[in-house]
Amino acid sequence: MCESHAVYHELFAALRPRVSFQTLREILLAAHGQKVARLCLSEMEIPWMVAELEKNGLRVGLHPRKLILSPDQGKGGWVSGYGTEVSLESPLPGYIQLYTGRDPNRVLEAQKAEHACRFGAFGRLLAYPPCCIAFYEASLPVAEQEQGDFLLTLLDASLKGRSEQLPVFPAWTNVGAQYFGYGLISFYPCSFFCAEAATAAREAWRLLRMYDRELADQALAAARLPLLYTEYEGVYAFHEAELEGNTLVYDNSSIECSLRGILADVLSAGDRILIHSARSVEVFCRDTLLARLNSRKLGMMLFDRG
C-alpha cells in the first residue's frame, strides 16, 4: 500500500501531457513512497524533469554518463538493453538515467547498485518481487543473446508444468503491453501467474485511478489484449478479438503493430488465427490458409478479462 497520503495533483498535471505512461506510473509510485524509480530520459528532458521532481519534494540522482541507444529490430523503438555509454560532453544525442524517490539514501543506493550490476539490491529498491529478481538474474544470459528481451523466456516459464494447449494468462502481469505504451509493472515477472507481480500491478492501477480513472482503465484494457510476439518481425495486439475454441477471431482493421512488414500484411489480410500452441499458429481469411507460423522466436499470448 502507498506509504504517502499526499496527493500530487500538480505533479501529475505537469507530467501528464509531457511524458510516457510508463514514466508517469513510475514517478507516481516513487512519489507515494512505494519505490525508487529509474527513468531513461533524453538529455533535453533532464533539466525540466529534475526541477519538477525537486519542486514536489522528490530526491534525484543522475548517472554521470549518457547512453547512446541502438535501435531495436521489430520492437518499435522499445529497447531492453542499455546501449553504449559516452561522456556527457559527447556531441552525440543520448539519454540520461535518472533515479528518484523520497529517500535520498535509497536513491543513491539504487544508482550505485545498478551500475555495479548488483541486480538483487537494485531490484529490491525498485520494489520488484524477490522471485522476479531471481528470474531476471537467471534469464539475463539468454536475453542478451538476442535483443535483451525476456518475454519469450517468461512465456516458457509460464507454460511450464501446464497441460493446456495455451493457457489464458492473468492480464495484470501482461508486461508485453509495454510495446504499445502501457503496462502496469516495470519488470518482467517470473511467470504470468506470479501473484506478487499481480499485486504490484493492481496497486499501480489503484494509484493511477486516484489521478485519472480513464487512463488507468485504458492501461488495464491494453493488458487484456491478445498478443502475438516475435523477436524480429514485430509485436501485434488485437483490439477487437474473440476466442472461439482454439481460434482467435479478430477484426483486421483493429490490429496494433510495432512493425509494418510482411507479417503485418499477412495479419491484415486475415481474420482468424488457429492456435496450435504458443509457438505454432496458422493465419486464415475465412477458410483460406494464408500462413503457417512456427518458431521458437514467436509467442502467442492470451490474457483474461477479469
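You'll find the structure just up there.
Treat the numbers as computed from the prediction; the structure is a model and nothing was measured. (Residues numbered from 1 in each chain as written. Predicted model: local features only at pLDDT ≥ 70, side-chain atom pairs only at ≥ 80, totals over all residues. Heavy atoms only, no water.)

## Focus: helix α4 (residues 104–115)
Thought 1: Between its terminal C-alpha atoms α4 stretches 17 Å, which fits the 16 Å expected from 12 residues at 1.5 Å a residue.
Thought 2: Looking only at α4, the buried set comprises V107, A110, Q111, A113 and E114. The buried residues of α4 occupy an angular sector of 170 degrees when projected down its axis, which confines them to one face.
Thought 3: Contact partners of the buried residues in α4: β1 (37–42), β2 (59–68), β4 (95–101) and α5 (119–125).
Thought 4: Positive phi shows up at C117, right after α4, with a value of about 60 degrees. (Helix = DSSP H or I, 4+ residues; strand = E, 2+ residues; numbered from the N terminus. Expected span 1.5 Å × (residues − 1). Buried < 20%, exposed > 50% of the residue type's maximum accessible area, 1.4 Å probe, protein only. Arc of directions from axis to C-beta. Contact = heavy atoms within 4.5 Å.)

## A short note on the pairing of β2
Thought 1: Sheet topology note: the β2/β4 ladder contains six bridges and is antiparallel. When the sheet's bridge partners are listed, K66 is paired in β4 with I96.
Thought 2: In this structure, β2 lies alongside strand β3 (residues 84–87), joined through four bridges in antiparallel fashion. The partner of I68 across the bridge, within β3, is T84. (Pairing = 2+ DSSP bridges.)

## Re the nonpolar core
Thought 1: Residues F238, L267, I273 and M300 are the most contacted members of the largest nonpolar core, which totals 84 residues.
Thought 2: The biggest single contributor to this core is helix α8 (residues 195–211), with eight residues.
Thought 3: If we skip the residues at most four places from it in the chain, L267 touches L228, Y236, F238, Y250, N252, I255, I273 and V283.
Thought 4: With nine residues, the next largest nonpolar core counts Y99, V107, F122 and L125 among its residues. (Core = buried A, V, L, I, M, F, W, Y, C linked by side-chain atoms within 4.5 Å.)

## Quick notes on the sheet that holds β1
Thought 1: Across the sheet, four strands lie side by side as β1-β4-β2-β3; this open sheet has antiparallel pairing. Here the strands that pair on one side only, and so sit at the sheet edges, are β1 and β3. Recorded for the sheet is a direction-independent mean angle of 40 degrees between the axes of neighbouring strands.
Thought 2: Judged from the six bridges that link them, β1 and β4 form a sheet pairing that is antiparallel. Within β4, the position partnered with C40 by the bridge is Q97.
Thought 3: Lying on the sheet, helix α3 (residues 46–55) is in contact with β1, β2 and β4; it crosses β4 at an angle near 0 degrees. (Axes fitted to C-alpha atoms, helices over the stretch in contact; angles between N-to-C directions.)

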